[in-house]
Every structure is written in structure tokens, then in C-alpha cells.
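# Per-entry structural report
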Amino acid sequence: MTDTKTPAQLIDERIAELGDWRGEALARVRAVVHAALPEVVEEWKWRGVPTWYAGGGIVCTGESYKAAVKLTFAKGASVPDPAGLFNASLEGNVRRAIDIHEGDAIDEAALSALLRDAAALNGAKKKR
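Residues numbered from 1 in each chain as written. Predicted model: local features only at pLDDT ≥ 70, side-chain atom pairs only at ≥ 80, totals over all residues. Heavy atoms only, no water.

## Looking at the pattern of salt bridges
To keep things clear, this is the line we draw: One side-chain nitrogen of Lys or Arg within 4 Å of one carboxyl oxygen of Asp or Glu is enough to make a salt bridge. Burial classes: relative accessible area under 20% of the type maximum marks a residue as buried, over 50% as exposed, and values in between as partly exposed (1.4 Å probe, protein chains only).
Tallied over the full model, the rule gives six salt bridges. The shortest N-O distance in the salt bridge between Asp20 and Arg22 comes to 3.1 Å. Judged by its relative accessible area of 26%, Asp20 falls in the partly exposed class. Arg22 sits in the buried class, given a relative accessible area of 16%. Bridged by salt links that share partners, the residues Asp12, Arg30 and Glu42 form one connected network.

## Digging into the nonpolar core
Definition in use: Nonpolar core, defined: a set of buried Ala, Val, Leu, Ile, Met, Phe, Trp, Tyr and Cys residues in which side-chain atoms within 4.5 Å join the residues together. In DSSP terms, a helix is any run of H or I states spanning at least four residues, a strand is any run of E spanning at least two, and both are numbered starting from the N terminus. Residues count as neighbours in contact if any of their non-hydrogen atoms are within 4.5 Å of one another.
Val59, Phe73, Ile98, Leu111 and Leu115 are the most contacted members of the largest nonpolar core, which has 32 residues in total. When contributions to this core are tallied by element, the ones reaching two or more residues are helix H1 (7-18), helix H2 (21-36), strand S2 (49-54), strand S3 (57-64), strand S4 (69-73), strand S5 (96-100) and helix H3 (108-127). Ignoring any residue separated from it by four or fewer positions in sequence, one finds Val59 in contact with Leu37, Trp52, Tyr53, Ala54, Thr72, Phe73, Ala74, Leu115, Ala118, Ala119 and Asn122.

## Here's the deal with the UniProt feature "domain: YdhG-like" (unreviewed entry) in the protein
Applicable threshold: UniProt positions are given in the numbering used here, feature names are shortened, and annotations may be inferred rather than shown by experiment.
The sites that carry the UniProt feature "domain: YdhG-like" (unreviewed entry) are, in the present numbering, residues 22-118. Structurally, residues 22-118 comprises 27% helix and 30% strand, and the distance from its first C-alpha atom to its last is 24 Å.

## Observations concerning H2
An α-helical turn contains 3.6 residues, so a residue and the one three or four places further along point in the same direction. In plain terms, the rule: Multiplying one less than the number of residues by 1.5 Å gives the expected span of a helix. N or O atoms within 3.5 Å of each other form a polar contact, as long as, within protein, one can give a hydrogen and the other can take it, and as long as residues adjacent in sequence are counted only when both atoms are side-chain atoms.
For H2, built from 16 residues, the straight-helix expectation of 22 Å at 1.5 Å per residue is met to within 8% by its first-to-last C-alpha distance of 22 Å. Taken together, the buried positions of H2 are occupied by Trp21, Arg22, Gly23, Ala25, Leu26, Val29, Arg30, Val32, Val33 and Ala36. Between a side-chain oxygen at the N-terminus of H2 and the backbone nitrogen of Arg22 the separation is 2.9 Å; the capping residue is Asp20.

## Quick notes on the side chain of Asp99
Mapped onto the secondary structure, Asp99 falls in strand S5. In terms of polar contacts, Asp99 uses its side chain to reach the side chain of Lys70, at 2.7 Å.

## Focus on the packing of aromatic side chains
Under the convention used in this document: The rule is short: rings of Phe, Tyr and Trp, with Trp giving its six-membered ring, pair when the centres are within 6.5 Å, and they are stacked under 30 degrees, edge-to-face over 60, tilted in between.
Counted according to the given criterion, the structure contains one aromatic pair. Ring centres 5.3 Å apart and planes at 80° place the aromatic pair Phe73 and Phe86 in the edge-to-face group. A residue pair is termed long-range when its members are at least 10 positions apart, and Phe73 in strand S4 and Phe86 in the loop between S4 and S5 qualify at 13 residues. Looking at Phe73, the relative accessible area reads 0%, which means it is buried.

## Describing unusual backbone geometry
Non-glycine residue Trp46 carries a positive phi angle of around 50°. Its location among the elements puts Trp46 in the loop between strand S1 (41-45) and S2. We note that Ser89 has phi near 55°; this positive angle belongs to a residue other than glycine. Checked against the element boundaries, Ser89 lands in the loop between S4 and S5. Look at Ser89 and you get partly exposed, because its relative accessible area is 24%.

As C-alpha cells, then:
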């Protein structure tokens, strides 16, 4: 019964059930999220999407598709991206995403900075 499992347990199960490079990528990204944002809160939303909250709002989600793991930043259009990590959903006014494909390297330092900036933006908007 899923309603008795914590979001962390559900995310662990998703990583395990993927069982391929997507699970490994999601696990690596999750580790970066926790390292960059020690106060992060994990949720399980929309029937199976790992979602990370910090600073009073959604920082990003971690969706898994056949060809990619997609990190969607809720307010990504307002977050500086000097390393150019955002490579998907670039046409919108609010969200931005990073599509990770098989074999892609993850720039953990740049991703950490992006995560911290997204959480700070949430906190700044909350204080207004």
C-alpha cells in the first residue's frame, strides 16, 4: 500500500525499479540535491514524480522517461544558469529543465549552485 510509505521510500523504489542508467542518474541527482540543500523536503507528487522543496516552494522535480531523466525547475526561468545546464523547456516564461540522457556527465558543482539559487529564489519570494 503506497499511502503508508514515505516519499523517500517511494523515490528509493523508483530508482530501483528503473534498474538502468536512468535509476543511476536519478540517484546521482538526488544525492546532489541533498548535498546542496540539506534542508530539502522530498515529496512524491502527481502519481510518481519525485519532487524536492526548499525555501518555501518547489525547487525541482525528477521525472524519468524512456530516453531521459528530466529535472524541471519550477521557477527556472528566473534562476541564473551561467553553466548553461538548462537544455529543455526553454521556451516557457517560468519553468526550465535539464534533460539527462544516457552517458551524460552531470556537472555537480554547477547543479548544486543552480539548486541553491532556486531555493534562495523561493525564499526571497516567500518573504515579500
